[in-house]
Amino acid sequence: MAAAESEAEAQQLISRLGKQLKASKTCPNKDSLVKLLKEAVIALGKFKQLKSLNSVIQPLSDSLVKHGMLQHKDKDIRILVATCFCEIIRVLAPDPGFSDDVFRDIFKLLQSIFAETGDYKSPYFSRRVKLLETVAKLNFCVLMLDVGCEDLILKMFKIFFSAVREQHPQSVINAMSSIMARILEDKLEEKDLEPLIFQEKFSEPLLDVILQNLLKESKGGSGGFARLAVSVIQNCNEKLERCICTFLRSCILNRESIGSELKEWYHDILYEIFQSAPQMLVSVIPSLSHELLTDQVDVRIKALNLLRKCFSLPGHKIAEEYHNLFMDFLNRFTDKSAEVRLCALSCGKALYANNPSGTGSSQILTELESRLLDFDDRVRMQAVSIVCDVSRLQIGSVTNELISQVADRLRDKKVSVRKKALQKLLELYQDYCTKCVGDIKMHFEQIPCKILMLCYDKDCKEFRPQSLEYVLAEDLFPVSLSVEERTNHWIFLSSLFTPLHVKALNAILSQKRRLRNALQAYLHLRVNEEEIGSDEMERNTKALFKKMSALFPDPAEAEECFYELNQINDDDIFKMLADLINVGDALSTRDNLLRKIGDQSPLFEFLRLLSSKCLLNIFSSRHVSYILDHLTFDTSVRHTKLDYSPLLLLSAIISAFPSLLRSSEEKFRQLLADKDIPFNEQLIQFLAKEGSNISIRLSDCYNFLERVRLEGTQAEAKLAVSAIAALSDSSEQVIVPNLCKTSCTIKKHSEQCLKSSLTTDANKSANLNLTLSKSADASRIWIEGLQKTSHQEVHSAGTVEVGNESSVDNQHEIHASVISESIMGKERVGSSCDSVATKPALGLNEDFPSCLQERDMNMTYNSNTDKVAKLSTANHKKANLAKENKDKGEASDVEHQQMRASTHYSKRETSGACDSDCEGNSLKKTKFFAEEIPLAAAENTKKIRRSKVAASKAINVNKDMIAWRTRRQKV
């Protein structure tokens, strides 16, 4: 009842307003007109759709047309007038009774208002949007087709695309797309799939307008036109879908027959539609096989580029949905054109990255593997890059064999391929270190090993040790990786090292050490410049610059930079360079140095590289500490190869920089004292090699080395004595009495071996001979090692000279000479001119056994000679008796062999004794002339011979040491 009364009141109001406007001869002023129109809008909004209201509304509509309200310039009035006409059309639909001209003016007014919706900050924006939504809801824009307003429809499409903005709410996009989609649907029904050209004078179809704006986003445009175009396509019906698909298939199969300019961009159109409405292209995508198989290379490339973009879209499974197309795509990996193969590789990467575990992923990897051996170097480079990239997506998804084959490209015949492989493998290894913390994978750890082998590549300066040093220091591990994790990787790498890897690593570390030493010598020259003559200063500086520049990738450029650096008068820079060589906080010193020189300086890059080479940035004392912790406390891998392989790495580090062990001596002593770790050749060999370079006292590890000498194998006993010699110090004389005890043991075992040769217990004889051999060899090796160590230390002493490569870490006290002199019975005294002189010792040490005196030893040998003669006669008799009993079977073969061995030994002993009287050292040259001596007897004789040779060396040690001292005096 209330609604009826309200509608009646509205009718009366509309009738009154219509009469009022009709009676007015001129247009009312703005305020009166705005008030009148607002009342009319409210009243019209209360009407329902009813044709009988035409008589009530017509006076108002006629008055609005009469006073030219459709062409009014005021924004408020234009919006109110447009709203009134929309309501009138709604109420009087489907035939409001307007003429074609009035309809045309109404649509022009609406278009002008829609064009202003681009100003989304305007106070009228909400009212304009409401009007747009009303027009879209009523769908009365289709009336434009009935009244011949095709030009206005085309103009309205363009207005919508020009006015839409990214900031517009989705309701605005939906309203615009709804209007355009409805017009297109009606037009398609009218033309029945004919091209959307309304009149001959209008050459641009509506579909072209939509597709052109669909491309603007792909060309880098900004705005919401792409959103609007996508919305129109998504809202289109089956007829519009068929029209678009027909156009695209025609472009693929017979592009020349299409008159539209869009045929040049049909791949982009297809991709944009595939993103928003892939279901529309079910009949179009398979047609791309035609382009993949065409003879035109550019067409195949464009088709592959389109597939690459489609493959990259998440959620789409082209390989599963279009199997035939996928197989045609795989065949492009073996295309005769290298450019096509490159495009196929990019497509394969996109497909695999989108779905690593999907259908076709394994086939993609197979094709990538085959392209690693492509005859075109560009294809090989691309294949290496793509395999590394897809491996980084998910560590472990790519097979171990494929990673190994990529690493093999480091040995490619083309330098460009090797460089690309190095770059991508370093990126892959960094990702592996970051994502797989604590999870060591062997096929990834082979990457640094193969990078080290680049040191042997002479074709490219980027692969020389000068450049690979920077790779190991800066590029191998990610910056965020802790020192402990880096050490774990190095420990595992050391288990994969071959002698070539160790040699390459030593070369890199050696160059770093030589540069540090040469730079230190140069800085020392600058400090003492006043004391050195100008000519000598120039000559020494030139030599040092030439030496240091050879350790850079570009020696000529580096030498020029060194001369430019020498011209700088800022002492702070050289002080910072000196601080870099110290093990302290060198990183902050480097930062201060680079900040001091400034990034605009021409020497900035050179000093950045120089400071990096001076830093201990490949290995530090923390690395050494973690390696020792691994050897000492890690029981999970004890007694395995991995447990001892770090000794090779530790030896390489300490050989180059012995100072890195200074903070870990206690851990090293714990390692030697740990009985759970069996002694082994690697550990003892490390002590023998680096004993003179490390600050470990002999007393700290003597028990360990003595146990090895007595209980280890023959090779370990030799190494143990060499280690003792290398660790010997003048303050530690524990080795002298023990060496002398070893000499006494030689004499004692010599007699026991003579007796044991006549017994029937061959095993006992062999054991005694083995003990004798260890003692003799140990004594011999200790003497040789002591001489070698003393000789090296004498030459390493003295002042620092230009070009001297000895490191500060390698400067030690001369101590072996004191021990050697104590053995000779000499002591060192100094003359007034600090020269080395000798004088006879007052007496031997109380603990020094008399068995080392030559007189006593000669008496021992004479006594042995008499015994040998007697034993020889007895053995001849026993041999004859055994020969007589042989036919009777009373004598055993073992006894006969022992007697034959004793006979040969007796003859040899007699001959050796005679030769000893004629020549002082003829025992070394005695040979066996026995025939067909059994293995046991021959081994026995061999051990005895070695014992006599060692004893002879012990006798003549005094003479050898006197000669050695004479040479040292000359030095």
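All figures in this text were calculated on a predicted structure; none of them were measured in a lab.

Asker: I'd like a description of unusual backbone geometry, backed by residues and values.
Answerer: At the junction of A93 and P94, the peptide bond is cis and its omega measures out at 10° in the coordinates. The phi torsion at N139 lies on the positive side, around 60°, for a residue other than glycine. Looking at where N139 falls in the secondary structure, it is placed in the loop between α6 (125-138) and α7 (143-146). Judged by relative accessible area, which is 25%, N139 ranks as partly exposed.

Asker: Residues and numbers for the packing of helix α21 (residues 400-408) against helix α23 (residues 442-452), please.
Answerer: Closest axis-to-axis distance for the α21/α23 pair is 9 Å, and the angle between their directions is 10°. As far as their axial angle goes, α23 and α21 are roughly parallel. Two secondary-structure elements touch here, α21 through N400, I403, S404, A407 and D408 and α23 through H443, F444, Q446, I447 and K450. Its residues assigned to classes, the contact of α21 with α23 shows 4 nonpolar, 4 polar and 2 charged.

Asker: Let's hear about the environment of H501: which residues, and what values?
Answerer: Within the fold, H501 resides in helix α26 (residues 499-527). According to the relative accessible area criterion, H501 is buried, its value standing at 9%. C-alpha separation for the pair H501 and C449, spaced 52 residues apart in sequence, amounts to 6.8 Å. Among all residues touching H501, those that are not within four sequence positions of it are C449, L452, M453 and L496. Looking at H501, its side chain comes within polar contact range of the main-chain oxygen of C449, at 3.2 Å.

Asker: Which residues make up the packing of aromatic side chains, and what are the values?
Answerer: The final tally for this structure, using the stated rule, is 20 aromatic pairs. With a centroid separation of 6.0 Å and 20° between ring planes, the pair formed by F103 and F107 is classed as stacked. Taken together, the positions of F103 and F107, both in helix α5 (residues 100-115) and 4 residues apart, correspond to about one turn of that helix. Of the residues examined, F107 reaches a relative accessible area of 2% and is grouped as buried. Pairing Y522 with F545 gives two aromatic rings, centres 5.1 Å apart and planes at 55°, and the pair type is tilted. One end of the pair, Y522, is in helix α26; the other, F545, is in helix α27 (residues 534-549), with 23 residues separating them in the sequence. A single burial state applies to Y522 and to F545, both of which are buried. Taken together, Y522, F545, F552, F562, Y563, F574 and F606 form an aromatic cluster joined through their ring pairs. Against the face of Y271 rests K309, its NZ or CZ located 4.9 Å from the ring centre. Seen from the ring of F552, K613 lies directly overhead, with NZ or CZ sitting 5.5 Å from the centre.

Asker: Explain a positive patch on the surface to me, using residue names and the numbers behind them.
Answerer: Together, K458, K461, R464 and K503 line one region of the surface with positive charge. Relative to the helices and strands, R464 resides in the loop between α23 and α24 (465-475). The partly exposed category is assigned to R464, whose relative accessible area is 34%.

Asker: Lay out the confidence of the model for the chain in plain terms, naming residues and giving numbers.
Answerer: Do not read the predicted coordinates in detail wherever pLDDT is low. In the predicted model, the chain carries a mean pLDDT of 74, and the fraction of residues at 70 or more is 70%. With pLDDT under 50 throughout, residues 193-203 is counted as low confidence; its partners more than four residues away or in other chains account for 15 contacts. Confidence over residues 730-737 falls short of pLDDT 50; this stretch has 22 contacts with residues more than four positions distant or in other chains.

Asker: Quick rundown of helix α3 (residues 54-66)? Include the residues and the values.
Answerer: The periodicity of an α-helix, 3.6 residues per turn, causes residues three or four places apart in sequence to face the same way. The end-to-end C-alpha distance of α3, which contains 13 residues, comes to 17 Å, matching closely the 18 Å that a straight helix rising 1.5 Å per residue would cover. Along α3, the residues classified as buried are V56, I57, L60, S61, S63 and L64. Across the axial projection of α3, the buried residues extend over an arc of 160°, all falling on one side. Pointing more than 90 degrees away from the buried face of α3 are the exposed residues S55 and K66. Downstream of α3 by one or two residues, G68 has phi in the positive range, about 65°.

Asker: I'd like to hear about helix α12 (residues 238-253), residue by residue, with values.
Answerer: With 16 residues, α12 should reach 22 Å at 1.5 Å per residue; the first-to-last C-alpha distance of 22 Å fits that figure. Every buried residue of α12 is accounted for by L240, C243, I244, C245, F247, L248, C251 and I252.

Asker: Hey, could you go over the state of the cysteines for me, with residue numbers and the actual values?
Answerer: In the structure shown here, the tally under the stated rule is 0 disulfides. The cysteine C436 is free of any disulfide, with C433 supplying the nearest cysteine sulfur at 8.6 Å.

Asker: Quick rundown of the nonpolar core? Include the residues and the values.
Answerer: Side chains of nonpolar character tend, in soluble globular proteins, to be buried together. Of all hydrophobic cores here, the largest spans 222 residues; its most connected members are F107, L110, L248, F329 and L705. Apart from the residues within four sequence positions on either side, F329 is in contact with L292, L304, L307, F311, A344, C347, G348, L351 and I364.

Asker: How would you summarise the side chain of S612 if you had to cite specific residues and measurements?
Answerer: Within the secondary structure layout, S612 lies in helix α31 (residues 604-614). Discounting chain neighbours no more than four positions away, the residues touching S612 are E469, Y470, E474, K512, R590 and N617.

Rules used throughout
- Residues numbered from 1 in each chain as written.
- Predicted model: local features only at pLDDT ≥ 70, side-chain atom pairs only at ≥ 80, totals over all residues.
- Heavy atoms only, no water.
- Helix = DSSP H or I, 4+ residues; strand = E, 2+ residues; numbered from the N terminus.
- Buried < 20%, exposed > 50% of the residue type's maximum accessible area, 1.4 Å probe, protein only.
- Axes fitted to C-alpha atoms, helices over the stretch in contact; angles between N-to-C directions.
- Parallel < 35°, antiparallel > 145°, perpendicular 65-115°, else oblique.
- Contact = heavy atoms within 4.5 Å.
- Nonpolar A, V, L, I, M, F, W, Y, C, P; charged D, E, K, R; others polar.
- Polar contact = N/O pair within 3.5 Å; in protein donor to acceptor, adjacent residues only side chain to side chain.
- Phe/Tyr/Trp six-rings, centres within 6.5 Å; stacked < 30°, edge-to-face > 60°.
- Lys NZ or Arg CZ within 6 Å of the ring centre and 35° of its normal.
- Patch = residues over 30% accessible without salt bridge, like charges linked within 9 Å, V, L, I, M, F, W, Y side chains within 5 Å.
- Areas by Shrake-Rupley, 256 points an atom, 1.4 Å probe, with all protein chains shown as cover.
- Salt bridge = Lys/Arg side-chain N within 4 Å of Asp/Glu carboxyl O.
- Lys, Arg positive; Asp, Glu negative; His and termini not counted.
- Charge placed at Lys NZ, Arg CZ, Asp CG, Glu CD.
- pLDDT = per-residue confidence, 0-100.
- Expected span 1.5 Å × (residues − 1).
- Arc of directions from axis to C-beta.
- Disulfide = S-S within 2.5 Å.
- Core = buried A, V, L, I, M, F, W, Y, C linked by side-chain atoms within 4.5 Å.

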